[in-house]
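# Chain and residue survey
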Amino acid sequence: MGAGQRVVEREELAQAPNTKPRRQRWFEYQKPIPVVWSLLLGISVWVLFFGMWELAAARGWIDTLFMPPPHQVLATLYTMIAERGFLSDIGISIYRILLSFAMACAIAIPLGVLMGSFRTVDAFFNPFVSAWRYLPAPAFIPLLLMWFGVGEGSKLALLFIGVIFFLITLIMDHTRAVRAELIETAMTLGANRWQILSTIVLPAVAPKILVSMRQMLAVSWTYLVIAEIVAATTGIGAVMMRGQRFLKVDEIMAGILVIGMVGLFFDFLFRLAYRVLFPFVANGQR
Amino acid sequence: MPPKSFQAASPKLAVRGVGKRYRLNGGKTIDAVHDVSFDVMEGEICALLGPSGCGKSTVLRMVAGLEDPSSGAMFLDNAQIDGPHKSRGMVFQRYTSFDWMTVQKNVEYGMKINGVSKADRGAQADHFIQMIQLSKFKNAYPCQLSGGMQQRVAIARTLANGPSILLMDEPFGALDAETKWQMQELMISIVETSKVTVLIVTHDIEEAIFLADRIIFMSRHPGTVRENMVTEFKDGRRFSSHEEMIEAKGFHEIEKKIMHMMRDEMRNDREEALQEC
Ligand SMILES: Nc1ncnc2c1ncn2[C@@H]1O[C@H](COP(=O)(O)OP(=O)(O)OP(=O)(O)O)[C@@H](O)[C@H]1O
Ligand SMILES: [Mg+2]
């Protein structure tokens, strides 16, 4: 086949009618979509949700005593913040979450990585950690109240035991999944055990650890609300509980709204941190 | 191929009566390899060839120190092998790029943990990155490279660490045919310039003949050395391209001979299977 023939073919191809870029389609299996699109879609689901709700309230399809419309919830949220110091309740809830979560991570990350790396550490701690995972944390509330009283201690303790054992297990599993070849490669390059832990295992699991943290922080909020509903005078959960006592449905909903928004904000922070810290992770694997 | 005078000298790597027995679940044991002995000379490329499951990887991993032999001993430069060491760097079949490091940092890794100064490291890495023709990509992350490129990085990373012997376990097994050729030809040029001794595992007959100055053919059940051949038809030099090899006198003879051995192994295997029934 001569080169001339190939050139002709290519010219024909260029003139062919159907060489236009393929139409962008809405539904493609697992293909990424434009950022603007995903942003718009993400916003529109909320617009739709609140719009329907507002509509249902305006038309009288729902009882507004038990389900006040979104604009009323927003108005209530505003007065709560402006006149009743709701911001400080939000602040104290966030403080409880962050402090207990930081303590849980400070233990779970080193322990999980060590358990995933060394079978001896695993054999010692795993029976203990696994058993705890099956004990529902709220079952300890009566005990915690007796030990720590109604102060900060009992709330922090509940949040701590609520997430730490899951966090340890997740991190351990991710560490165990670090490919043996990576470790063996480092060994044949002369790395000792400590160097392998610090230069191979830790950086290899770091992205997975961050993802686990993101997932468990969401669980943390569940325990926060439980803790604050059961025994607290401050915090978002306590405010919601008071709302229930006085039949203030809009205040309960304002609390839920705030938890959702703060949760979304932390999720965003984690995603941002992931992008900044781990630019090397291929886009498809994020 | 190394000059004849080397062959009389003491071997670079000496494997002496090495066996490996694995204990299976349930208390039974199997001899993965049994009484394996061979020598690799300084500057030689030696290929471990044989059917799947004959214990090639097991032997290589024992030489790397990643696995302890159940019997026998191995010596590198007359020192007994005991555990992994930077003098015996290994390249695996699966990609082993450290994803969180750029190409440059990957290649520098071994030197860094062994305390080579930053300036020396940089210069050495540059040299090897150039050798594997990835200078343009030295600041890229591995996820941006193709499989063949990543494997080149692994080779450069191992060589830059200055090993006495380069160990490779089917390093091109996962690559497509064309990339494989390129890599094999690149390997020859790298070995010619860096004079490193190589022990490479493969089950690809052509690859073994193209690369190796010596081929150790292993048979199965238990895995042991069946034949230790020097590729004499190459007449003391290495080929720089596959065409050159195919046209060389004696190539087809050695290829046929190895194919027969391979076929023979398959037949033995079938007979064994029948007997077990
Ligand atoms: N960790 C292990 N436990 C038990 N048996 C093993 C183990 N590793 C290898 N074997 C056995 O030892 C034998 C040799 O295995 P090896 O992986 O060395 O073969 P190989 O020649 O490299 O094969 P392949 O070409 O398929 O890679 C096989 O029969 C295998 O089942
Ligand atoms: Mg193998």
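Going by what an unreviewed UniProt entry lists, chain B is known as Nitrate ABC transporter ATP-binding protein and is assigned to Methyloceanibacter marginalis. Its UniProt record gives chain B the following Sequence similarities (unreviewed entry) comment, quoted word for word: "Belongs to the ABC transporter superfamily."

### So, the overall build of chain B
Across its full length, chain B carries nine helices and ten strands. Once the C-alpha set of chain B is aligned to its principal axes, its extents read approximately 60 × 50 × 40 Å. Among the 277 residues that make up chain B, the fraction classed as buried is 53%. Within chain B, contacts between residues at least 6 apart in sequence are counted, and of these 70% link residues at least 24 apart. Of the roughly 12,700 Å² of accessible surface on chain B, 48% is carried by carbon and sulfur atoms.

### Description of the site of ligand 1
All names here are of chain B. Near ligand 1 lie 13 residues; those nearest to it are S52, G53, K56, S57 and T58. One of the backbone nitrogen or oxygen atoms of C54 is found 3.2 Å away from an oxygen atom of ligand 1. For ligand 1, an oxygen atom lies 3.5 Å from a polar atom in the side chain of E170. Protein chains bury 62% of the 630 Å² of accessible surface belonging to ligand 1 in isolation. For the shell around ligand 1, the secondary structure elements donating two or more residues are strand 2 (29-40) and helix 2 (56-64). Examining the composition of the shell around ligand 1, we find that three residues originate from one element, helix 2, more than from any other.

### Section: the packing of helix 9 (residues 193-230) of chain A against helix 11 (residues 249-277) of chain A
Residues and elements named next belong to chain A. As a packed pair, helix 9 and helix 11 sit with axes 10 Å apart at the nearest point and diverge in direction by 170°. When the axes of helix 9 and helix 11 are compared, the pair comes out roughly antiparallel. Here helix 9 contributes P207, L210, V211, M213, R214, L217, W221 and V225 to the contact with helix 11, which in turn contributes I259, V262, G263, F266, D267, F270, R271, A273 and Y274. Of the residues contributing to the contact of helix 9 with helix 11, the split by class is 13 nonpolar, one polar and three charged.

### Considerations on the sheet that holds strand 10 (residues 224-230) of chain B
Residue and element names in this part refer to chain B. Strand order in the open sheet made by the six strands is 6-7-8-3-9-10, with mixed pairing throughout. A strand with exactly one partner marks an edge of an open sheet, and here the two such strands are strand 6 (88-91) and strand 10. This sheet shows a mean twist of 20° between the axes of neighbouring strands, independent of strand direction. Here six bridges tie strand 9 (residues 214-219) to strand 10, and the two strands are oriented antiparallel to one another. By the bridge assignment for strand 10, I215 is matched with M229.

### Let's talk about the nonpolar core
Judged by nonpolar contacts, the single largest core of 72 residues is most densely connected at F86(A), F101(A), I200(A), W221(A), I236(A) and Y109(B). With 15 residues, the single largest contributor to this core is helix 9 of chain A. Among all residues touching W221(A), those that are not within four sequence positions of it are I94(A), I97(A), I236(A), I259(A), V262(A), G263(A) and F266(A). Counting residues in each nonpolar core, the second largest holds 53 residues, with A140(B), L159(B), L166(B) and I209(B) among its members.

### Observations regarding the interface of chain B and chain A
How big an interface is tends to be reported as the loss of accessible area on association of its parts. At the interface, 27 residues of chain B touch 19 residues of chain A. Contact between chain B and chain A buries roughly 2,000 Å² in total, counting both sides, with carbon and sulfur atoms accounting for 65%. On the chain B side of the contact with chain A, W100(B), Y109(B) and I113(B) bury the most area, a combined 30% of that side's loss. Where chain B touches chain A, the interface holds two salt bridges. Among the ionic pairs, E184(A) bridges to R61(B), the shortest N-O distance being 2.7 Å. Applying the counting rule to chain B against chain A returns nine residue pairs in polar contact (both at pLDDT 80 or more). Counting residues per element, the ones that place at least two in the side of chain B that touches chain A are helix 2, strand 6, helix 3 (103-113) and helix 5 (147-160) of chain B. Residues belonging to the side of chain B that touches chain A are distributed by class as follows: 13 nonpolar, eight polar and six charged.

### Considering the pattern of salt bridges
All names here are of chain A. All chains considered together, the criterion is met by 25 salt bridges over all chains. Between R96 and E228 there is a salt bridge, with the nearest N and O atoms lying 2.6 Å from each other. Residue R96 is located in helix 4 (residues 86-117), and its partner E228 is located in helix 9; the two are separated by 132 residues in the primary sequence. Residue E228 is classed as buried on the basis of its relative accessible area of 0%. Of the charged contacts, one joins E251 and K248 as a salt bridge, the two residues approaching to 3.9 Å between their closest N and O atoms. Given the relative accessible area of 39%, K248 is considered partly exposed.

Cut-offs and rules
- Residues numbered from 1 in each chain as written.
- Chains lettered and ligands numbered in written order.
- Predicted model: local features only at pLDDT ≥ 70, side-chain atom pairs only at ≥ 80, totals over all residues.
- Heavy atoms only, no water.
- UniProt positions renumbered as here; feature names shortened; annotations may be inferred.
- Helix = DSSP H or I, 4+ residues; strand = E, 2+ residues; numbered from the N terminus.
- Buried < 20%, exposed > 50% of the residue type's maximum accessible area, 1.4 Å probe, protein only.
- Contact = heavy atoms within 4.5 Å.
- Areas by Shrake-Rupley, 256 points an atom, 1.4 Å probe, with all protein chains shown as cover.
- Near = heavy atom within 4 Å.
- Polar contact = N/O pair within 3.5 Å; in protein donor to acceptor, adjacent residues only side chain to side chain.
- Axes fitted to C-alpha atoms, helices over the stretch in contact; angles between N-to-C directions.
- Parallel < 35°, antiparallel > 145°, perpendicular 65-115°, else oblique.
- Nonpolar A, V, L, I, M, F, W, Y, C, P; charged D, E, K, R; others polar.
- Pairing = 2+ DSSP bridges.
- Core = buried A, V, L, I, M, F, W, Y, C linked by side-chain atoms within 4.5 Å.
- Buried area = accessible area lost by both parts, 1.4 Å probe.
- Salt bridge = Lys/Arg side-chain N within 4 Å of Asp/Glu carboxyl O.

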